[in-house]
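Here is how the chains run, residue by residue.
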Amino acid sequence: MTVTLGVSIAVPEPHGSRLQRRRLGFGDAAAAGIPTHVTLLPPTGADEAELPRIEEHLAGVAAAGRPFVMRLSGTGTFRPLTPVVFVRVAEGAAACAGLQAAVRERGGPLARELPYPYHPHVTVAHGIAEDAMDRAQAELAAYEAAWTVTGFSLYEQDASGVWRLCREFRFTAPRAAPPVREPLAGVE
């Protein structure tokens, strides 16, 4: 049997539910079944029998991962290419890019090509009326949030289109220590 999987970084509370309510308020009904997130692997079909191998692979990615700061700031859009308005990942984008590359590693169980270059973001409007998309982009233009990312999650989409959490994967590598600053000569 084929299942539809996704891998993402959840936007924590209170930010996740606030953005989900805003997305619903803009008229994007699909938001009710989509936890607020930054995608690492878009919806991908997989054989259900491969789930143990997939989970083992993701555990390995997490074992090599380190906590990092994620900061959201302002909005952007993929229009006219795709009908999406998003909150920008202003800090943490490089870490997200590294994680998504490891998740989709060539030869791995989730290897796949993407239709567009990877661009980490948090969707706040998708496939709705243009005026609602414009409103979402304007109303969230000053949006700011930040937190420390400590892992990512595997989700499965059910028959009704709702995404259900399967498993969380926590980073196990220690956070990089801040650089040690040497005192300047002659300064105490």
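Quick notes on the rules
Residues numbered from 1 in each chain as written. Predicted model: local features only at pLDDT ≥ 70, side-chain atom pairs only at ≥ 80, totals over all residues. Heavy atoms only, no water. Salt bridge = Lys/Arg side-chain N within 4 Å of Asp/Glu carboxyl O. Helix = DSSP H or I, 4+ residues; strand = E, 2+ residues; numbered from the N terminus. Buried < 20%, exposed > 50% of the residue type's maximum accessible area, 1.4 Å probe, protein only. Pairing = 2+ DSSP bridges. Axes fitted to C-alpha atoms, helices over the stretch in contact; angles between N-to-C directions. Contact = heavy atoms within 4.5 Å. Core = buried A, V, L, I, M, F, W, Y, C linked by side-chain atoms within 4.5 Å. Arc of directions from axis to C-beta.

Draft legend 1. Local environment of the pattern of salt bridges. Under the criterion given, the structure shown has eleven salt bridges. The shortest N-O distance in the salt bridge between R71 and E91 comes to 3.7 Å. Of the two residues, R71 sits in strand β3 (residues 68-77) while E91 sits in strand β4 (residues 84-91), which places them 20 residues apart along the sequence. A residue is classified by how much of its surface remains accessible, and E91, at 36% relative accessible area, is partly exposed. A salt bridge links E139 to R135; the nearest nitrogen and oxygen atoms lie 3.7 Å apart. With E139 and R135 both in helix α4 (residues 130-139), this residue pair falls four residues apart, about one helical turn.

Draft legend 2. Spatial organisation of the sheet that holds β3. The four strands are arranged β5-β4-β3-β6 in an open sheet whose pairing can be described as antiparallel. In the strand order of this sheet, the two ends are held by β5 (121-126) and β6 (144-149), each with one partner. Taken pair by pair, the neighbouring strands of this sheet meet at an average axis angle of 30°, ignoring direction. Relative to β6, β3 runs antiparallel, the two sharing six bridges. When the sheet's bridge partners are listed, M70 is paired in β6 with W147. Strands in contact with helix α1 (residues 15-25) are β3, β4, β5 and β6; relative to β5, the strand with the most contacts, it is inclined by about 25°. Across the sheet, helix α3 (residues 93-103) lies against β3 and β4, angled at about 100° from β3, the strand it touches most.

Draft legend 3. Main features of the nonpolar core. In this structure, V7, I9, L58, M70, L72 and F152 are the most contacted members of the largest nonpolar core, which totals 42 residues. At five residues, helix α2 (residues 51-64) tops the list of elements feeding residues into this core. With residues up to four places along the chain from it excluded, the contact list for L58 reads V7, V103, L110, F152, L154 and F169.

Draft legend 4. Quick look at the sheet that holds strand β8 (residues 163-170). The sheet built from four strands is open, its strands ordered β2-β1-β7-β8 with antiparallel pairing. The outermost strands of the open sheet, each flanked by one partner alone, are β2 (37-47) and β8. Each neighbouring strand pair of the sheet contributes to a mean axis angle of 25°, computed without reference to strand direction. Relative to β2, strand β1 (residues 2-10) runs antiparallel, the two sharing eight bridges. Following the sheet pairing, T4 is matched in β2 by G45. The strands touched by α2 are β1, β2, β7 (151-157) and β8; relative to β8, the strand with the most contacts, the crossing angle is about 45°.

Draft legend 5. Region of the structure containing α4. What α4 keeps buried is the set A132, M133 and A136. The buried side chains of α4 occupy one side of the element, clustering within an arc of 105° when seen end-on. Away from its buried face by more than 90 degrees, α4 exposes D131 and A138. Contacts from the buried residues of α4 go to β3, β4 and β5.

Keep in mind that these numbers describe shape and distance, not what the molecule does.
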